[in-house]
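Here are the chains, one letter per residue:
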Amino acid sequence: MGSMFRSEEVALVQLFLPTAAAYTCVSQLGELGLVEFRDLNASVSAFQRRFVVDVRRCEELEKTFTFLQEEVRRAGLVLPRPEGRLPAPPPRDLLRIQEETERLAQELRDVRGNQQSLRVQLHQLQLHAAVLGQGHGPQLATAHTYGASERTPLLQAPGGPHQDLRVNFVAGAVEPHKAPALERLLWRACRGFLIASFSELERPLEHPVTGEPATWMTFLISYWGEQIGQKIRKITDCFHCHVFPFLEQEEARRAALQQLQQQSQEMQEVLGETERFLSQVLGRVQQLLPPAQVQVRKMKAVYLALNQCSVSTTHKCLIAEAWCATRDLPALQEALRDSSAEEGVSAVAHRIPSRDMPPTLIRTNRFTASFQGIVDSYGVGRYQEVNPAPYTIITFPFLFAVMFGDVGHGLLMFLFALAMVLAENRPAVKAAQNEIWQTFFGGRYLLLLMGLFSVYTGFIYNECFSRASSIFPSGWSVAAMANQSGWSDAFLAQHTMLTLDPNVTGVFLGPYPFGIDPIWSLAANHLSFLNSFKMKMSVILGVVHMAFGVVLGVFNHMHFGQRHRLLLETLPELTFLLGLFGYLVFLVIYKWLHVSAASAASAPSILIHFINMFLFSHSPTNRPLYPQQEVVQAMLVVLALAMVPVLLLGTPLHLLCRHRRRRRRPTGRKEDKAGLLGLPDASVNGWGSDEEKAGGLEDEQEAELVPSEVFMHQAIHTIEFCLGCISNTASYLRLWALSLAHAQLSEVLWAMVMRIGLGLGREVGVAAVVLVPIFAAFAVMTVAILLVMEGLSAFLHALRLHWVEFQNKFYSGTGYKLSPFTFAATDD
Amino acid sequence: MLEGAELYFNVDHGYLEGLVRGCKASLLTQQDYINLVQCETLEDLKIHLQTTDYGNFLANQTNPLTVSKIDTEMRKRLCGEFEYFRNHSLEPLSTFLTYMTCSYMIDNVILLMNGALQKKSVKEILGKCHPLGRFTEMEAVNIAETPSDLFNAILVETPLAPFFQDCMSENALDELNIELLRNKLYKSYLETFYKFCKNHGDVTAEVMCPILEFEADRRAFIITLNSFGTELSKEDRETLYPTFGKLYPEGLRLLAQAEDFDQMKSIVDHYVVYKPLFEAVGGSGGKTLEDVFYEREVQMNVLAFNRQFHYGVFYAYVKLKEQEMRNIVWIAECISQRHRTKINSYIPIL
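In this text, all values refer to a predicted model and were calculated from it rather than measured experimentally.

A. Summary view of the overall build of chain B. Secondary structure summary: chain B contains 15 helices and zero strands in total. When the 350 residues of chain B are sorted by exposure, 55% land in the buried category. For chain B, the proportion of contacts with a sequence separation of at least 24, taken over those separated by at least 6, is 64%. Carbon and sulfur atoms make up 52% of the accessible area of chain B, which amounts to about 15700 Å² in all.

B. Spotlight on the interface of chain B and chain A. Tallying the contact residues gives 23 residues for chain B and 20 residues for chain A. Buried surface at the junction of chain B and chain A, both sides included, amounts to about 1800 Å², of which 55% is carbon and sulfur. Considering only the side of chain B, the residues that lose the most area to chain A are Ile47, Ile143 and Glu157 of chain B, jointly responsible for 27% of the buried surface there. Put simply, chain B and chain A have one residue pair in polar contact (both at pLDDT 80 or more) between them. Elements supplying a minimum of two residues to the side of chain B that touches chain A: helix H3 (42-50) and helix H7 (147-154) of chain B. Here the side of chain B that touches chain A takes six residues from H3 of chain B, the largest share from any one element.

C. Quick peek at the pairing of strand S4 (residues 194-200) of chain A. Residue and element names in this part refer to chain A. Counting buried residues along S4, five of its seven residues qualify, which places the element largely inside the surrounding structure. Where S4 meets strand S7 (residues 217-224), seven bridges bridge the pair, whose relative direction is antiparallel. When the bridges of S7 are listed, Ser199 appears paired with Thr218.

D. Local environment of the nonpolar core. One finds Leu45, Phe96, Leu150, Ile154, Phe193 and Phe314 of chain B to be the most contacted residues of the largest nonpolar core, which totals 147 residues. If one sorts the elements of this core by residue count, helix H15 (residues 312-336) of chain B sits on top with 14 residues. The residues touching Phe193 of chain B, leaving out its near neighbours within four places in the chain, are Phe96, Tyr99, Met100, Met208, Leu212 and Tyr315 of chain B. Residues Phe581, Leu584, Val588 and Ala798 of chain A belong to the second largest nonpolar core, which totals 62 residues.

E. Quick look at a positive patch on the surface. Residue and element names in this part refer to chain A. On the surface, a cluster of positive charge is contributed by Arg660, Arg661, Arg663 and Arg664. Relative to the helices and strands, Arg664 resides in helix H20 (residues 629-664). Looking at Arg664, the relative accessible area reads 65%, which means it is exposed.

F. View of the sheet that holds strand S3 (residues 167-174) of chain A. Residues and elements named next belong to chain A. Reading across the sheet, the four strands line up as S4-S7-S3-S8 and stay open at both edges, with antiparallel pairing between neighbours. The open sheet has two edge strands, S4 and strand S8 (242-244), and neither has a second partner. This sheet shows a mean twist of 25° between the axes of neighbouring strands, independent of strand direction. Across three bridges, the pairing between S3 and S8 is antiparallel. Counterpart to Ala173 in the pairing with S8 is His242. Across the sheet, helix H5 (residues 179-190) is in contact with S3, S4 and S7; its angle to S4 comes to roughly 175°. Packing of helix H6 (residues 226-238) onto the sheet brings it into contact with S3, S4, S7 and S8, and relative to S7 it is tilted by some 160°.

G. Highlighting a nonpolar patch on the surface. Residue and element names in this part refer to chain A. Residues Tyr456, Phe459, Ile471, Phe472 and Phe514 make up a contiguous nonpolar surface patch of roughly 470 Å² in combined accessible area. In this fold, Phe459 is placed in helix H14 (residues 444-461). Assessed through its relative accessible area of 33%, Phe459 is described here as partly exposed.

H. Spotlight on the pattern of salt bridges. All names here are of chain A. The full count for this structure, using the stated rule, is 38 salt bridges over all chains. The salt bridge involving Arg38 is made with Asp356; its shortest N-O contact spans 2.7 Å. Taken together, the residues span a long stretch of sequence, with Arg38 in strand S2 (residues 35-38) and Asp356 in the loop between strand S11 (348-352) and helix H9 (369-376) at a distance of 318 residues. Note that Arg96 is salt-bridged to Glu100, the shortest N-O span being 3.3 Å. Placement of the pair is Arg96 and Glu100 together in helix H3 (residues 91-133), with a separation of four residues, close to one helical turn. A relative accessible area of 23% places Glu100 in the partly exposed class. By sharing partners, the salt bridges in this structure join Glu8, Arg327, Asp328 and Arg363 into a single network.

I. Representation of the confidence of the model for chain A in the model. All names here are of chain A. Looking at chain A as a whole, its pLDDT mean stands at 82, while 90% of the residues score no less than 70. For residues 138-163, every residue scores under 50 in pLDDT, and the model assigns this stretch 14 contacts once sequence neighbours within four places are set aside. In the model, residues 668-700 has pLDDT below 50 throughout and makes 51 contacts with residues more than four positions away in sequence or in other chains.

J. Representation of unusual backbone geometry. All names here are of chain B. In this chain, Glu91 is followed by Pro92 through a cis amide linkage whose omega measures -5°. Of note, Pro92 is situated in the loop between helix H4 (67-87) and helix H5 (93-117). Here Tyr248 and Pro249 are connected by a cis peptide whose omega angle stands at -5°. Examined against the element boundaries, Pro249 turns out to sit in the loop between helix H10 (234-240) and helix H11 (250-257).

K. Focus on the side chain of His557 of chain A. Position of His557 of chain A among the secondary structure elements: in helix H17 (residues 526-559). Here His557 of chain A is in contact with Gln562, Arg563, Arg565, Leu566, Glu569 and Thr570 of chain A, once residues within four sequence places are set aside.

L. Representation of the side chain of Arg218 of chain B. Along the polypeptide, Arg218 of chain B turns up in helix H9 (residues 202-227). Setting aside its immediate chain neighbours within four residues, Arg218 of chain B contacts Phe293, Tyr294 and Glu297 of chain B.

M. Representation of the environment of Arg50 of chain A in the model. Residues and elements named next belong to chain A. Tracing the backbone through its elements, the reader meets Arg50 in the loop between S2 and helix H2 (52-74). As for Arg50 and Ser310, which are separated by 260 residues in sequence, their C-alpha atoms are 8.8 Å apart. Setting aside residues up to four positions removed in sequence, Arg50 forms contacts with Thr19, Asn307, Val311, His315 and Leu318.

N. Representation of helix H8 (residues 329-341) of chain A in the model. Residue and element names in this part refer to chain A. The terminal C-alpha atoms of H8 lie 18 Å apart, and with 13 residues this matches the ideal 18 Å at 1.5 Å per residue to within 8%. Looking at H8, one finds that the buried residues are Leu329, Leu332, Ala335, Leu336, Ser339 and Ser340. Down the axis of H8, the smallest arc covering the buried residues is 125°, so these residues share one side. Away from its buried face by more than 90 degrees, H8 exposes Pro330, Arg337 and Ala341.

O. The arrangement of H2 of chain A in detail. The terminal C-alpha atoms of H2 of chain A lie 32 Å apart, and with 23 residues this matches the ideal 33 Å at 1.5 Å per residue to within 8%. Every buried residue of H2 of chain A is listed here: Val52, Asp54, Val55, Cys58, Leu61, Lys63, Thr64, Phe65, Leu68, Glu71 and Val72 of chain A. For H2 of chain A, the secondary structure elements touched by its buried residues are H3 and helix H7 (250-306) of chain A together with H3 of chain B. Just downstream of H2 of chain A lies Gly76 of chain A, where phi reads positive at about 80°.

P. Fine view of the packing of aromatic side chains. All names here are of chain B. Inspection of the entire model under this criterion finds 56 aromatic pairs over all chains. Look at Phe163 and Tyr189: their rings are 5.6 Å apart centre to centre, the planes differ by 70°, and that puts the pair in the edge-to-face class. Of this pair, Phe163 sits in the loop between H7 and helix H8 (175-200) while Tyr189 sits in helix H8, and the two are 26 residues apart along the sequence. In this structure, Phe163 and Tyr189 share a single accessibility class: buried. Taken together through their ring pairs, the aromatic side chains of Phe9, Phe96, Tyr99, Phe163, Tyr186, Tyr189, Phe193, Phe196, Phe309, Tyr311 and Tyr315 make up a single cluster. In this arrangement the basic side chain of Lys24 is found over the ring face of Phe305, its NZ or CZ atom lying 5.0 Å from the centre. The aromatic ring of Tyr186 is capped on one face by Arg219, whose charged end is 3.8 Å from the ring centroid.

Quick notes on the rules
Residues numbered from 1 in each chain as written. Chains lettered and ligands numbered in written order. Predicted model: local features only at pLDDT ≥ 70, side-chain atom pairs only at ≥ 80, totals over all residues. Heavy atoms only, no water. Helix = DSSP H or I, 4+ residues; strand = E, 2+ residues; numbered from the N terminus. Buried < 20%, exposed > 50% of the residue type's maximum accessible area, 1.4 Å probe, protein only. Contact = heavy atoms within 4.5 Å. Areas by Shrake-Rupley, 256 points an atom, 1.4 Å probe, with all protein chains shown as cover. Buried area = accessible area lost by both parts, 1.4 Å probe. Polar contact = N/O pair within 3.5 Å; in protein donor to acceptor, adjacent residues only side chain to side chain. Pairing = 2+ DSSP bridges. Core = buried A, V, L, I, M, F, W, Y, C linked by side-chain atoms within 4.5 Å. Patch = residues over 30% accessible without salt bridge, like charges linked within 9 Å, V, L, I, M, F, W, Y side chains within 5 Å. Salt bridge = Lys/Arg side-chain N within 4 Å of Asp/Glu carboxyl O. Lys, Arg positive; Asp, Glu negative; His and termini not counted. Charge placed at Lys NZ, Arg CZ, Asp CG, Glu CD. Axes fitted to C-alpha atoms, helices over the stretch in contact; angles between N-to-C directions. pLDDT = per-residue confidence, 0-100. Expected span 1.5 Å × (residues − 1). Arc of directions from axis to C-beta. Phe/Tyr/Trp six-rings, centres within 6.5 Å; stacked < 30°, edge-to-face > 60°. Lys NZ or Arg CZ within 6 Å of the ring centre and 35° of its normal.

Here it is as structure tokens:
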């Protein structure tokens, strides 16, 4: 947890990897996932880098793998997941893997090709058989005579048209969707010198390539004349038809048909044999492929990482630069030593100073991960900046719960989250792919806390499914009131509304021990009482939350060594915020404590007082809260306003002064600064603000100080803060609004559904039967509207309060995450 | 059509327009070209293309990689995209897209007929046909002996049919006639397409008409240029010019009378649009007229993307992609033939 408060110290290390051991070193680092490599060859394009040949070889292999994988998938088999630890293989193993997979792929290709050609042959045979057996014969005979008699008078002079005209046949099969086009084209091109009959195959055949069933149209074309024949053949060619010899005699056709069937049977046997062999080969692929795939993927990753290294002048070693957490440096050193010792050389890592901002590394566990996620989705923190996540763990669920306060709803949410937390180690839960489920599951600890806090605030609001519970006896006594004021039966019958007066002795016995008194749920002015309470509570929470944010800025300034900002920024900001809105909070609390029920009639209005404070006026009807109030208020306003110019001009003027002083004696300091360069710490504290950098870089940075930019920046910051204080305080009123909406919605749901159901039948039987659907509706609507919808909206508003109102007081979020080079993703 | 495309355009075509604009954004940038030009081998080129939106389109190609393989794969990709647009389009965009394919169909038909004339096998020529202009009856083209045969038997059902009205003749199909046929078809096609765009009105007309006018003028110039020193008579030449565009009618009449390039140039001097183009020819870098026209075309097509709610983007995208493919093929050819001096004369897409 200690590392949660700010990101870990990350150092730039230079790795000297001897050429012989570079590969093993980097592959070991990939297993550990400690460092993020920096690209030292950014200017070199991808194909001009040192290890591009190796990368390409890996890619070649991957291409083969894809082929094998595709074949396995096509055979309807699944690849087993690789088991055990599979380190990146030594480079010489690549040849072995390559050879094995190539051999396997070649074998597979051969068998596949064999099978394919066999299937094509079989398909041809089947088609031929189908065309012959389709029974065009009898149709043809009639068509023939019919066609001939039709044509006879038109074509030739009467008298034996059949003498010199021999009828020829073309038979074949075509895909159904092409058949109409073929038929039309034949007719157009040959102008009736042919008769074509098409018929669909009853039984679909297996497509030789895809193996899917496909129907075919068989056709038989009879034609006159050789020229037409050529044309027909050309046309059938262009439609990629299968054309088969068609014998004229029926007997010969039958004989051919029998022969074909026999052939196809033989062919099927051969095919079966081939397929058995194929499945053997595929079995070998299934064994070999998964580990090889993982290994080659790792190998490729190693080479890609090596491509980011530069070569030393002597060509004896590769130089890599990498970001590494200081805590992991010993582990890094050890890993390098171990993996390079085998080769008899030693790889070295040492820290070097850096000008660039190091990446941010915050280690999380499964509990803190979701909270860190909330912060990171706003922006990854600057290096070593105060991390809002640990505070978010409490404030986020709390602010959510303020808007979602209901014991029942909170309990449901808590139980749901608890179930997820308890089941988190079950593989089925982890493996679920549903995106919505994954979102919920990822935030299970967040939900758990949100539910828990909602139960707590629910008790404070005294609401459980919008019903009040009276755990303790109420602080109000109706009996006392009735006795004291002597309400008669007639009076009670006439008045449906009665007032309890706390000033009458015995009526108000004392405050309820915890939360809102349950008697309020019966009161007509329930809502206005709660509104006043919740509104004030929102403002108090908001001002505290914002002031906390400003105070967190102190740690940033201290850490980055910018003490002037403490005085010139944090102090004025805090004064401004507390002087105006902190005073408002004080007024609220003071009035709660000071004004009793007895003086309620003449209680002063805080709102009027607060307005008057800014106008420097007073209204005679509004009693002051305490003596000398106007003087105090005037002083506070003047003080707060006086802070604005300090905030606006303080930092820029300070920087300018320091800049001038530095420039007057620029040379003297350079030497002792240069000494710092050698120290490993030089890079650590160099992450101040835009204006200031520590260490040897300071002088150069200072030289670039542009006054107008600094002033502009500060002016924006000042305006944003001062206006922000007002608008953000108002923004916290969403706590009130949302909690009001939630309470009212659940109240409506109870009154409109459940209460109607309960009041339906007096007899036990009727009520029992009716209550089942009514309760179902109530339950579904509670979950859908109150839990999911309202929960989402409260979540969003809590998110906004954290991102906008809280984090902009101190958090810049302009960093980037450390993404170490690791095989972890490839292992999966 | 009603005016005010912005009111109803997106109902039918918004999705596709969004898609085509996304596709346009994936065209290679200047930086990509600079990197491509530095490649030493086709393998390098492939690796570089992998980093662009082309992705792994060459991954399944067996070695060795050749220029024609790259070309085929690129065409396949474009064709896939175009098919997608076409399958998801509604009228009148689908008609528009059909019109776009017609020019490729004309080219394919002419290519096949030329092949048949030279007794080449259909398979070989099919490989050269543009996939965008493919149609089922295409391969049967070689059974036709006269244009009317061609029309009656084969093309009557294709979208090309209406363009054939002017070219029905009983002349045998020899090389010259095929060329005439192509130009007549093209003329008829361009005129019809132009009319379609004009009738459609609105932004589509405003964007497409200048592009098609330029296309028509370009054809007129090229026909003129190619007819110098051939037996084509001046009257016949005039009949081949598309009858619209900036040159129509006076310019075309003058062009029909031109006898050499200088005369053509003096005619062009009257046209502000084309004068700078002709002046750029042969200038720095030895540009040909073709290059200059291509550059102008790219410019117009890129400008088409500045307007919204019109069909011109589809036309412009396909043309730009074609140009990009030509560029890549050019660079690949230069690399594979080790002819690096001219590698930079591709036409950049702005």
